[in-house]
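Overview (structure and organization)
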Amino acid sequence: MNILVYSSRKYENPYFEKAFSSKSEKLKLNYTTDSLNTDTASYARGKDAIVLFTEDSAKGEVLDKLKENGVQYIATRTMGTDHIDIDHARSAGIKVANVPNYSPHCVAEHALALLLALNRKLITANHKIMAHDFSLDGLVGTEIHGKTAGIIGTGDIGAQVVKILCGFGCNVLMYDVKQDNALEEKGHAKYVSFDELIQQSDIISLHTPLTEQTANIINEESISKMKDGVVLINVSRGELINTKDVIEGLKNRKIASLGLDVYEREKELFYHNRTGEPLVDDNFARLISFNNVLVTGHMAFLTDNALAQDMEVTKQNLLAWEKGEKPQFEQ
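Residues numbered from 1 in each chain as written. Predicted model: local features only at pLDDT ≥ 70, side-chain atom pairs only at ≥ 80, totals over all residues. Heavy atoms only, no water.

**Thoughts on the nonpolar core**
The biggest cluster of nonpolar side chains holds 83 residues, and the ones touching the most others in it are Leu165, Val172, Ile204, Ile218, Val246 and Leu318. Among the elements that make up this core, the one with the highest residue count is helix α4 (residues 104–119) (9 residues). Other than its neighbours up to four places away in sequence, Leu165 contacts Leu112, Leu115, Ile144, Ala149, Ile151, Cys170 and Val172. If you look at the next biggest cluster of nonpolar residues, it comprises 19 residues, including Ala44, Ile50, Leu52 and Val96. (Core = buried A, V, L, I, M, F, W, Y, C linked by side-chain atoms within 4.5 Å. Buried < 20%, exposed > 50% of the residue type's maximum accessible area, 1.4 Å probe, protein only. Helix = DSSP H or I, 4+ residues; strand = E, 2+ residues; numbered from the N terminus. Contact = heavy atoms within 4.5 Å.)

Given below as structure tokens:
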């Protein structure tokens, strides 16, 4: 099987090489640092399969061009598949598989890292130290213990966040259309309605996939129902949040702090070194101007364990197709 990896990054290469090192497995990898779009779909000419990442776009005309170029399989090395039009791919005869279960701990821990850094003003404290300012002015933090934390989405990652926050001594509220009864049975947390969660929570953390129902779930209306001084964390999908409405929430201090690993227009920003370039996204420029906002560039997944698992599952998906079998995680 001849395979093209789109959006290849240096940090991934050792993990690709280790996972695909067996000479007995008939998988030949080719790499491009370019992302998949209408202009780069031609790179896949003569390839049996392609491997994608979140910044790639496999929709509409792109899928048609891939089909014309002979691509039969798309393996995305991501949990989410919102960058792929699954129905269109099926109609074009292209099979799709994803990686739904790589280390949920890494993303859950990153959410907590953002929360702790914001609550204890770690970035400001470090900046003061680097400037040789050892005073404690402006560094009064907030404890997590005893707070009410609302978790929107209790899949593998959200469930881990629930358990971690329970360990911190939080009162945990949960919302999901599909409930995990085991989380309630252990006495750690309870499911409530969406409105009850956003009204009662001191901390709100998003862990739901992007769907038509969840797009812009955090907006002017939902923010208005939140407690004054709420802490908001998003390590899921940027489009869950309406950025303009969140900026207003920060300006009027309804939102005390905001931790983001994702952004609704991140494909135009993240995963590229843009040093020296003008920042043309006014909303993003406004966001990062707040000293109570912490943004990381979609790196919650970025641990050695998660990368190794990610590449292994991607390989198993491709191997199954190569053998004429159906992968475990085919969509």
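**Let's talk about the environment of Leu240**
Within the fold, Leu240 resides in the loop between β10 (230–234) and α10 (243–251). On the basis of relative accessibility, which here comes to 0%, the residue Leu240 falls in the buried class. The spacing of Leu240 and Val262 is 22 residues in sequence and 9.5 Å in space, taken between C-alpha atoms. For Leu240, the residues in contact, after removing those within four places along its chain, are Leu206, Thr208, Pro209, Leu210, Thr214, Asn216, Ile217, Ile218 and Asn234.

**With respect to the side chain of Asp261**
Within the secondary structure, Asp261 is located in the loop between β11 (255–260) and α11 (282–287). Arg237 is the oppositely charged side chain nearest to the buried, salt-bridge-free Asp261, at an N-O distance of 8.0 Å. A distance of 3.0 Å separates a polar atom in the side chain of Asp261 from the backbone nitrogen of Ala300. Excluding anything up to four places from it in sequence, Asp261 contacts His110, Leu114, Asn234, Val235, Phe270, Thr296, Gly297, His298, Met299 and Ala300. (Lys, Arg positive; Asp, Glu negative; His and termini not counted. Salt bridge = Lys/Arg side-chain N within 4 Å of Asp/Glu carboxyl O. Polar contact = N/O pair within 3.5 Å; in protein donor to acceptor, adjacent residues only side chain to side chain.)

**Here we look at α4**
Taking 1.5 Å of rise per residue, the 16 residues of α4 would be expected to cover 22 Å, and the 23 Å separating its terminal C-alpha atoms lies within 8% of that figure. Burial within α4 is extensive, with 12 of its 16 residues counted as buried. By the burial criterion, the buried members of α4 are Pro104, Cys106, Val107, Ala108, His110, Ala111, Leu112, Leu114, Leu115, Ala117, Leu118 and Asn119. After α4 finishes, the residue Lys121 shows a positive phi value of roughly 55°. (Expected span 1.5 Å × (residues − 1).)

**A word on the environment of Lys128**
One can find Lys128 in helix α5 (residues 122–130). Once the C-alpha coordinates of Lys128 and Leu139 are considered, the two residues, 11 residues apart in sequence, prove to be 9.8 Å apart.

**Re the environment of Asn101**
By the secondary structure assignment, Asn101 is in the loop between β5 (95–97) and α4. Considered as a pair, Asn101 and Ile157 are 56 residues apart in the sequence and their alpha carbons are 9.1 Å apart. Dropping the residues within four chain positions of it, Asn101 is found in contact with Asp156, Gln309 and Phe329.

**A closer look at the sheet that holds β11**
With respect to topology, 7 strands assemble into an open sheet ordered β8-β7-β6-β9-β10-β11-β12, the strand pairing being parallel. The sheet is open, and its two edges are formed by β8 (189–191) and β12 (293–295), each paired on a single side. Here the average twist between neighbouring strands, direction ignored, is 15°. Sheet contacts for α10: β10, β11 and β12; angle to β11, the most-contacted strand, approximately 140°. (Pairing = 2+ DSSP bridges. Axes fitted to C-alpha atoms, helices over the stretch in contact; angles between N-to-C directions.)

**Observations concerning unusual backbone geometry**
Residue His132 is not a glycine yet carries a positive backbone phi of 65°. Within the element layout of this structure, His132 appears in the loop between α5 and β6 (148–152). The exposure class of His132 is exposed, given its relative accessible area of 63%. Of note in this structure, Tyr271 is not a glycine but carries a positive phi near 75°. The topology assignment puts Tyr271 in the loop between β11 and α11.

**A look at the pattern of salt bridges**
Evaluated as defined, the whole model comprises 15 salt bridges. For Arg265, the salt bridge goes to Asp281, with nearest N and O atoms at 3.8 Å. With Arg265 in the loop between β11 and α11 and Asp281 in the loop between β11 and α11, this residue pair connects regions lying 16 residues apart in the sequence. Residue Arg265 is classed as partly exposed on the basis of its relative accessible area of 39%.

**A short note on the sheet that holds strand β4 (residues 73–76)**
An order of β2-β1-β3-β4-β5 is seen for the 5 strands of this open sheet, with the pairing classed as parallel. Among the strands making up the open sheet, the edge pair consists of β2 (28–31) and β5. Neighbouring strand axes in the sheet, compared pairwise and without regard to direction, differ in orientation by 20° on average.

**Focus: the packing of α4 against helix α6 (residues 156–167)**
One way to put it is that α4 packs onto α6 with a least axis distance of 8 Å and a crossing angle of 50°. The angle between α4 and α6 places the two elements in the oblique class. For the pair α4 and α6, the crossing hand works out as right-handed. Residues Pro104, His105, Val107, Ala108, Leu112 and Leu115 of α4 pack against Asp156, Ile157, Gln160, Val161, Ile164 and Leu165 of α6. Partitioned by chemical class, the residues of the contact of α4 with α6 number 9 nonpolar, 2 polar and 1 charged. (Parallel < 35°, antiparallel > 145°, perpendicular 65-115°, else oblique. Left-handed = near helix turned anticlockwise from the far one by under 90°. Nonpolar A, V, L, I, M, F, W, Y, C, P; charged D, E, K, R; others polar.)

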